[in-house]
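The primary structure of each chain is shown beneath.
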Amino acid sequence: MKKIIFSVYFLICVVIAHAQINTGTRNRPFDAGWHFIKDSINGVQEMNYDDSKWRTVNLPHDWSIEDLPNQTPDNVVGPFSKSSIGSSATGFTVGGTGWYRKKFITAKADEKKLVTIHFDGVYMNSEVWLNGHLLGNHPYGYTPFSYDLTPYLNPAGQENVVAVKVQNEGKNSRWYSGSGIYSHVWLTVTAAVHVAVWGVYITTPVVSKTSAAIQIKSTINNEQNSAGNFILVTTILSPAGKAVAQTQKTLLPEANASTTDSQNITISNPVLWSLEAPGLYKVVTEIKSGNRIIDRVETSIGIRSIRFDADKGFLLNGKRVILKGGCIHHDNGPLGAAAIDRAEERKIELLKKVGYNAIRLSHNPPSHQLLDACDRLGMLALDEAFDMWELAKNPQDYHLYFKEWWQKDLDAMIMRDRNHPSVIMWSIGNEIFEAPDTAGYRIAKMLADEVRKLDDTRAVTAGIAYLPGYTKKPFEDYAPYLLNLDVDGYNYFLESTSKFFVRDSATAHRFETEHAKHPKKPFIVTEYTPQSALENYEYPIKNPYMLGSFKWTAMDYIGEAGIGRPVQVPASRKLPTGLIRMGLFYMPKWSVFNAYCGDLDLIGNKKQAAYYQDVVWKKSTVEMLVRRPITDDMQEVIAPWGFPDELKSWTWPGQEGRKILVHVYTRSKLVKLELNGKIIAEQSVPDTSITATFEIEYQPGKLVAKSFDGDKETGSSALSTAGKPFAVRLTTDRNTIKADINDLAYINAAIVDEKGNVVPNIDDIVITYHLAGNATIAGVGNGSFDDASSFQQNHKKVYQGRGLVIIRPKGVAGNIILKATAMGLAEASIKIIMK
């Protein structure tokens, strides 16, 4: 649930050094002014502990992205350490134990109210105290949780202290997790009779263009010692803000009990939520005592229908949508895991811009801000709960807590997220080791039943990995496990071009055989490699029972370092296939920290696989890329999750007169290459491919690829040789932002020649950023997979001529000026307005 989350959040007021938040509001931000130390010291939970020498931070906050102490070249650089316990899996970053403390006072107006604190995400194993009282422990790093502060609050006007211990210890993740309170914290202040946490559940069981049936279930808590007489008012506001329906009911809640009321409302001519026009309604839930409103909750919803049909595919509002999906991890590149609102929104903007219509939230629940962005922008989401169950993937991972915590964590994900129109499927696990065993059936049934109990309007799925050579049991052993799923999710089942995922003949036709056994059951590909984009798009077009596919991955992330990076080995070396070949990329290699398998790089720029996919998805008619030259005594090994090492570049100084490989991607049947105005080659495109490969002599100038169907030119793609570096250029995603710590300005930096062309062969120029105004540099970055350096200093190398600086307001309106300088180049500056 979306805005309901807000409801269980913030309360209180703080004055001066403590914060005093506006009284009268239900949900009160509690992000600003926390004291923080990374240390495992004792006694910090006590009220009188002196934290005056600690750092002050604003949430969301991730300490693992911050520079480590005792910087030592080639050993400890920025946030990276060669001795990281997570090694390449976590990108050589470091966890540890940290403490957060925040002081506040409650206002007189809130004296008789209930106060709850809500955490949307803490990685991991957190303990929370109020005024020296332990409120509880929450092991899982990805689910929201809350505590009632009321019993331990000091009287109004007196100081209170919240202390949070966060323990990211041992080997507990297969990717970069970040550390700390990485998402928002709220206080919620309510009367004794109030809407429960995530207590509004809204479904749209019948939807058409002319009407929509809306069912609203409202759970009301009465925490007073007597029964009462109240009025429940539910109002629905259209996307334009106009009231289109309202109901009123009398509530007679028993003392110290909860009650759930159902309302059924029909709306005429609804605005349907879709990918192209994601209109959002608002449901306002009010509890009245007489004429006085004692509680009010707003919940955003989208009116839409979804259906999973093996004969017709996935239907959104009755129309088939092929899922063009991408998997993403939760980090935000230079910001680490910090789930700042604008960072989450920008991620979805970028993915939608390159053509994705669905994301798989791998392999854990996301922040609520990310799902809010999906709702607003029109992006479908597969919400995933766990990466492991009872069997470990790492010694200190969630398997230690699964038996005790699975239900609480699954419930938290479902109840928080079930009002989001963007969420269309729930995944109960990824590549679960128990899947082919009896435990797999037992646990899958337990989880799937729990999901359906809380929300039966969406499909239950999971991602399985059946890879001969990796998976030791026959596929038939997975059958009982799969019976619990509404949609079977398969990882790497359409990989005919892969040299890593070796297939036997049965596996190569697995979808056909499974469809023959279960003709009414739909499937999805929950992971596929970038090189297999074409077959993973074409197959669902011809076979509606295949709903679509999710690429690994849509965007680069920290951790699983180098699984998509380019590797060169001696040409004389005989290369193995399958899992042995994967060892070339899974061996820890300092200072590789980035998986480098995304369509977008770590700072949001398109990489080579994205251009190929533009042609696959018919967004572009023709794209041309050039392979990075290699010497005759070496050969390129394409990574299992990678793509040929090629660039959108015709700038290769020192290669004049040498042969160079050019790939042209097109669905047309003929490609002609022109160099400096002359046709130098042409080639027919095979019927089974969209790739034309040329080997031509490099000469500077302008290279143009033209595509043809018969005599008709269908498109062209051109690359020009850039000149020498001349200046720094700055461009911003937005010139005006909010004067709010949850907003950000993303400013792209580029090294350009005298004509303004980006110089793409530059990886070693350092840009220094100078900022003036009420803002801070939240992060600097580039797209490199092995530039292990600080994300938080005011300088950073470019990669392929590009870099990024992220600006975060301090909360005060005004202008900021960013200036960028590089040795020997003309400087640049840009102004951002904060309102």
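See above for the structure.
About the criteria used
- Residues numbered from 1 in each chain as written.
- Predicted model: local features only at pLDDT ≥ 70, side-chain atom pairs only at ≥ 80, totals over all residues.
- Heavy atoms only, no water.
- Helix = DSSP H or I, 4+ residues; strand = E, 2+ residues; numbered from the N terminus.
- Rg over C-alpha atoms; globule rule 2.2 N^0.38 Å.
- Buried < 20%, exposed > 50% of the residue type's maximum accessible area, 1.4 Å probe, protein only.
- Contact = heavy atoms within 4.5 Å.
- Areas by Shrake-Rupley, 256 points an atom, 1.4 Å probe, with all protein chains shown as cover.
- Pairing = 2+ DSSP bridges.
- Axes fitted to C-alpha atoms, helices over the stretch in contact; angles between N-to-C directions.
- Phe/Tyr/Trp six-rings, centres within 6.5 Å; stacked < 30°, edge-to-face > 60°.
- Lys NZ or Arg CZ within 6 Å of the ring centre and 35° of its normal.

Student: Quick rundown of the overall build of the protein? Include the residues and the values.
Tutor: Secondary structure summary: the protein contains eleven helices and 49 strands in total. For the protein, whose C-alpha radius of gyration is 28 Å, the value lies close to the compact-globule estimate of 28 Å for 835 residues. For the protein, the spread of C-alpha atoms along the principal axes amounts to about 90 × 65 × 50 Å. Looking at the protein residue by residue over its 835 residues, the buried ones come to 61%. Of the contacts formed within the protein by residues at least 6 apart in sequence, a portion of 73% connects residues at least 24 apart. Surface exposure of the protein reaches about 31,400 Å², of which carbon and sulfur atoms provide 50%.

Student: I'd like a description of the sheet that holds strand β18 (residues 281–289), backed by residues and values.
Tutor: The four strands are arranged β16-β15-β18-β19 in an open sheet whose pairing can be described as antiparallel. Looking at strand neighbours, the two that pair on one side only are β16 (243–251) and β19 (292–301), the edges of this open sheet. For this sheet the average axis-to-axis angle between neighbouring strands, irrespective of direction, equals 15°. Bridging between strand β15 (residues 230–237) and β18 involves seven bridges; their strand directions are antiparallel. Counterpart to T235 in the pairing with β18 is V284.

Student: Got a sec to walk through the packing of aromatic side chains? Specific residues and values, please.
Tutor: Here the structure, examined in full by the defined rule, presents 44 aromatic pairs. Ring geometry for F145 versus Y147: centroids 5.7 Å apart, planes at 70°, classification edge-to-face. Aromatic side chains F308 and F314 sit 5.2 Å apart centroid to centroid with 40° between the ring planes, which places their arrangement in the tilted category. Of the aromatic side chains, those joined through ring pairs into one cluster are Y466, F475, Y478, Y490, F493, F511, F523, Y539 and Y545. Directly above the ring of F433 sits K393, whose terminal nitrogen or CZ lies 5.5 Å from the centroid.

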